[in-house]
Amino acid sequence: MAEPESKRLKTEDAPYELIYWPGLPGRGELIRLLFVEAGVPFTDRSKDPGEAVGLVTGLMSDNGDDANPPAFAVPALRHGDLLISQTANILLYLAPKLGLGPSEGNGVYHLNSIALTLIDGFVNEIHETHHPIATSQYYADQKEEAKKRSKAYTSERIPRFLQYAQRVIDAKTSGDGPWLYGGKLTYVDLVLFQCIHGTKYAFPKAMEEMEKSGKYDGVFALFKAVQERPNIKEYMASDKRCSYGDGIWRYYPELEEE
Ligand SMILES: N[C@@H](CCC(=O)N[C@@H](CS)C(=O)NCC(=O)O)C(=O)O
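Residues numbered from 1 in each chain as written. Predicted model: local features only at pLDDT ≥ 70, side-chain atom pairs only at ≥ 80, totals over all residues. Heavy atoms only, no water.

An unreviewed UniProt entry lists the protein under the name Glutathione S-transferase family protein, from Stachybotrys elegans.

(A) How the structure looks around the packing of helix 8 (residues 204-213) against helix 9 (residues 217-227). Helix 9 packs onto helix 8 with a crossing angle of 110 degrees between their chain directions and a minimal axis gap of 8 Å. Looking at the two axes, helix 8 sits roughly perpendicular to helix 9. In this structure, helix 8 uses Met207, Met210 and Glu211 to contact helix 9, whose residues at the interface are Asp217, Phe220 and Lys224. For the contact of helix 8 with helix 9, a count of residues per class yields three nonpolar, no polar and three charged. (Axes fitted to C-alpha atoms, helices over the stretch in contact; angles between N-to-C directions. Helix = DSSP H or I, 4+ residues; strand = E, 2+ residues; numbered from the N terminus. Parallel < 35°, antiparallel > 145°, perpendicular 65-115°, else oblique. Contact = heavy atoms within 4.5 Å. Nonpolar A, V, L, I, M, F, W, Y, C, P; charged D, E, K, R; others polar.)

(B) A look at the UniProt feature "domain: GST C-terminal" (unreviewed entry) in the protein. With numbering matched to this structure, UniProt assigns "domain: GST C-terminal" (unreviewed entry) to residues 112-255. End C-alpha atoms of residues 112-255 are separated by 31 Å, and the span's content is 63% helix alongside 0% strand. (UniProt positions renumbered as here; feature names shortened; annotations may be inferred.)

(C) Quick look at the site of the ligand. The local shell around the ligand consists of Tyr20, Trp21, Arg27, Met60, Phe72, Ala73, Val74, Pro75, Gln86 and Thr87. Interatomic distance of 3.3 Å between a side-chain N/O atom of Arg27 and an oxygen atom of the ligand. Contact between the ligand and Val74: a nitrogen atom at 2.7 Å from a main-chain N or O atom of the residue. In isolation the ligand exposes 510 Å². Once the protein is present, 69% of that is buried. For the shell around the ligand, the class distribution of residues is seven nonpolar, two polar and one charged. (Near = heavy atom within 4 Å. Polar contact = N/O pair within 3.5 Å; in protein donor to acceptor, adjacent residues only side chain to side chain. Areas by Shrake-Rupley, 256 points an atom, 1.4 Å probe, with all protein chains shown as cover.)

(D) Up close: a nonpolar patch on the surface. Together, Trp21, Val53 and Met60 give the surface a local cluster of nonpolar side chains, amounting to about 230 Å² of exposed area. Assignment of secondary structure puts Val53 in helix 3 (residues 49-59). (Patch = residues over 30% accessible without salt bridge, like charges linked within 9 Å, V, L, I, M, F, W, Y side chains within 5 Å. Salt bridge = Lys/Arg side-chain N within 4 Å of Asp/Glu carboxyl O.)

(E) Looking closely at unusual backbone geometry. The linkage connecting Val74 with the following residue, Pro75, adopts the cis geometry, with an omega of 10 degrees. Position of Pro75 among the secondary structure elements: in the loop between helix 3 and strand 3 (76-79). For Gln86, which is not a glycine, the phi torsion comes out positive at approximately 75 degrees. Along the chain, Gln86 turns up in the loop between strand 4 (82-85) and helix 4 (87-97). Overall, Gln86 belongs to the exposed group, its relative accessible area being 57%. (Buried < 20%, exposed > 50% of the residue type's maximum accessible area, 1.4 Å probe, protein only.)

(F) Main features of the sheet that holds strand 3. With respect to topology, four strands assemble into an open sheet ordered 2-1-3-4, the strand pairing being mixed. Strand pairing shows two members of the sheet lacking a second neighbour, strand 2 (43-44) and strand 4, which therefore form its edges. For strand 1 (residues 16-19) and strand 3, the ladder comprises four bridges, and the chain directions are antiparallel. Along strand 3, the bridge assignment pairs Glu17 with Arg78. Relative to the sheet, helix 2 (residues 28-38) contacts strand 1, strand 2 and strand 3, its axis offset from that of strand 1 by approximately 160 degrees. Strands in contact with helix 4 are strand 1, strand 3 and strand 4; relative to strand 4, the strand with the most contacts, it is inclined by about 130 degrees. (Pairing = 2+ DSSP bridges.)

(G) Layout of the pattern of salt bridges. Summed over the entire model, instances satisfying the criterion amount to 14 salt bridges. In this structure, the salt-bridge partner of Arg32 is Glu29, at a minimum N-O distance of 2.7 Å. Here Glu29 and Arg32 lie together in helix 2, a separation of three residues that amounts to about one turn. Considered together, Arg32 and Glu29 belong to a single accessibility category, that of buried residues. Ionic contacts of the salt-bridge type, sharing partners, join the residues Glu29, Arg32, Asp44 and Arg241 into one network.

As structure tokens, then:
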């Protein structure tokens, strides 16, 4: 059923609010970068640690509200009456509003396929390199398994996902320029940028090898092109960008040892 016009305008005019854990780039970063690139203000509810933890745990345990079902986890985006979760879903929602993706046509779903695949490879799978047994257990208690998982990740999965990204860049659908799709920068380029940035942090040796191999030159050229975008460059050098810590992208040197 269509919403009344007055209600739709209310949401369109409302401020954007990102709900996420404090102190880490994490999955929230994939969303922040869209606002940064577009120069659109948003309220980042992760910035006040005391408030953020309560908001996140509340969201993960409440029963939703009159208009929204419960969320399983964060990031979540509130925009007026709407509350949505799942990173790729939030990106899908924001992209046309921020001028970083089409609002209709096949491109909407092509970009979503690319975003989901990159998130599978460089976010979800990388998390499992340091937590292969259980998210609820300490890294120290699953270190041996983490070493095995990391070996397979760096030797099999990183190349496979980089090759995928390179194939997307080489495809006819990428158009001109360094971008993944349609000849211009879209939100999936920002997703790839953060994915490469985080993976370089977690597995510097493996990523250096990948870069030197020359097999993924388009991917690394795209990474550099995003890094040079004025808003992104300023943000990455500022204290608004969180450092990596005990989040998705972690650096444990022993996970790169032979
Ligand atoms: N597929 C979800 C995964 C969300 C997720 O695992 N979020 C983490 C933080 S980055 C979390 O809050 N997890 C809590 C839990 O799984 O219980 C997405 O992409 O948003």
